[in-house]
Amino acid sequence: MKVNIDPSWKKLLKDEFSKEYFNLLVDFVKDEYSSHTVYPPGAKIFNAFDMCPFESTKVVIIGQDPYHGEGQAHGLCFSVAEGVRTPPSLVNIYKEIKNDLGKEIPNSGNLERWASQGVLLLNATLTVRAHTPGSHQNKGWEQFTDAVIRLISEKKENLVFLLWGSYAQKKGAVIDKAKHLVLESAHPSPFSADRGFFGCRHFSQTNNYLKKHREEEINW
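None of the values given here were measured: they were computed from a predicted structure. (Residues numbered from 1 in each chain as written. Predicted model: local features only at pLDDT ≥ 70, side-chain atom pairs only at ≥ 80, totals over all residues. Heavy atoms only, no water.)

Trainee: Would you mind showing me how to read helix α6 (residues 141–155) here?
Mentor: Two residues of an α-helix separated by three or four positions point the same way, owing to the 3.6 residues in each turn. In this model, α6 (15 residues) spans 21 Å end to end at C-alpha, consistent with the 21 Å of a helix rising 1.5 Å per residue. Listed as buried for α6 are Trp141, Glu142, Phe144, Thr145, Ala147, Val148, Ile149, Leu151, Ile152 and Ser153. (Helix = DSSP H or I, 4+ residues; strand = E, 2+ residues; numbered from the N terminus. Expected span 1.5 Å × (residues − 1). Buried < 20%, exposed > 50% of the residue type's maximum accessible area, 1.4 Å probe, protein only.)

Trainee: When you look at the nonpolar core in this model, what are you seeing that I'm missing?
Mentor: For soluble globular proteins, the rule of thumb is that nonpolar side chains tend to be buried together. Core analysis: the largest hydrophobic core is formed by 62 residues, its most contacted members being Phe49, Ile61, Trp114 and Phe144. Not counting residues within four places of it along the chain, the set of residues in contact with Trp114 comprises Ile61, Ile93, Tyr94, Ile97, Val119, Leu121, Phe203, Asn219 and Trp220. (Core = buried A, V, L, I, M, F, W, Y, C linked by side-chain atoms within 4.5 Å. Contact = heavy atoms within 4.5 Å.)

Trainee: Would you explain the pairing of strand β6 (residues 181–185) in this entry?
Mentor: Of the pairings in the sheet, the one linking strand β5 (residues 160–164) to β6 comprises five bridges and is parallel in character. Looking at β6, one finds that Leu162 is bridged to Leu183. One crossover worth recording links β5 to the parallel β6 by way of helix α7 (residues 166–171), and it is right-handed. (Pairing = 2+ DSSP bridges. Right-handed = clockwise from strand over helix to strand, strands pointing away.)

Trainee: How should the environment of Lys139 be read in this particular structure?
Mentor: In this fold, Lys139 is placed in the loop between β4 (128–129) and α6. Beyond its immediate chain neighbours, meaning those up to four positions away, Lys139 contacts Leu25 and Phe28.

Trainee: Honestly, the sheet that holds β5 in this entry has me stumped. Any pointers?
Mentor: As a general point, the strands of a sheet are linked pairwise by backbone hydrogen bonds and lie either parallel or antiparallel. As summarised here, the arrangement of the four strands in space is β3-β2-β5-β6, forming an open sheet in which the pairing is parallel. Either end of the sheet is taken by a strand with one partner, and the two such strands are β3 (119–123) and β6. Neighbour-to-neighbour, the strand axes of the sheet open up by a mean angle of 20 degrees, direction not taken into account. Where strand β2 (residues 59–63) and β3 come together, five bridges link them in parallel fashion. Considered in β3, the bridge of Ile62 is made with Leu122. Running over the sheet, α6 touches β2, β3 and β5 and is turned about 150 degrees from β3. (Axes fitted to C-alpha atoms, helices over the stretch in contact; angles between N-to-C directions.)

Trainee: Before we go on, may I ask you to explain the packing of aromatic side chains in this structure?
Mentor: Aromatic rings in a pair are described by how distant their centres are and how their planes are angled relative to each other. Counted under the stated rule, the structure contains 19 aromatic pairs. Here Phe17 and Phe22 contribute two aromatic rings whose centre-to-centre distance is 5.0 Å and whose plane-to-plane angle is 55 degrees, an arrangement assigned as tilted. With 6.2 Å between their ring centres and 80 degrees between their planes, Phe46 and Phe144 make a pair best called edge-to-face. Remark: Phe144 occurs in helix α6 and Phe46 occurs in the loop between β1 (38–39) and α3 (47–51); sequence separation between them is 98 residues. Classification of Phe46 as buried rests on a relative accessible area of 10%. On the basis of relative accessibility, which here comes to 0%, the residue Phe144 falls in the buried class. Across from the ring centre of Phe54, 4.8 Å away, lies the NZ or CZ of Lys156, which sits over that ring. (Phe/Tyr/Trp six-rings, centres within 6.5 Å; stacked < 30°, edge-to-face > 60°. Lys NZ or Arg CZ within 6 Å of the ring centre and 35° of its normal.)

Structure (structure tokens):
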């Protein structure tokens, strides 16, 4: 199966792209795009990989589903396209960054600036039908992104994984904690942020770890 994705990831994931489950997933996704409104736009499905090549990856943030509202999703977890109102979970992420690092809250919810610094913003499921959350779950995306996380853990060293909420924490079970820093907290959603996300100081901890391992810090 030919997949349009950054060459560094294409090389790493070539075996995954040839597996039967992935071929079935591609057939499903193609059918969904041809018969329904699906987000993100087709060209942005692998945007997290295209904006953050394998060699550049320093931090991994794991989300769940793309946003399912019009114009929101553009292939990066927690991020929205330029000009779209910042979603509540990202508002809380910005609040924690301000409390942790003293940075002012930006007007934009577009996190491409993080991706370009080596933050892989990976959703577990890379597509969704409009206004139907969870509609593309259990079709193969989770198997694919599990493989991505496992390969990153195996092939790289001294990464930081930010696992917010029980879903991300379960998905991160394959990460080698002897080689990488794994930071866990409650999800930044308004329903749970005050149960451990606020005050987690993950952003300063991430930068301290990167600095310790002679990597450039993230300008959050």
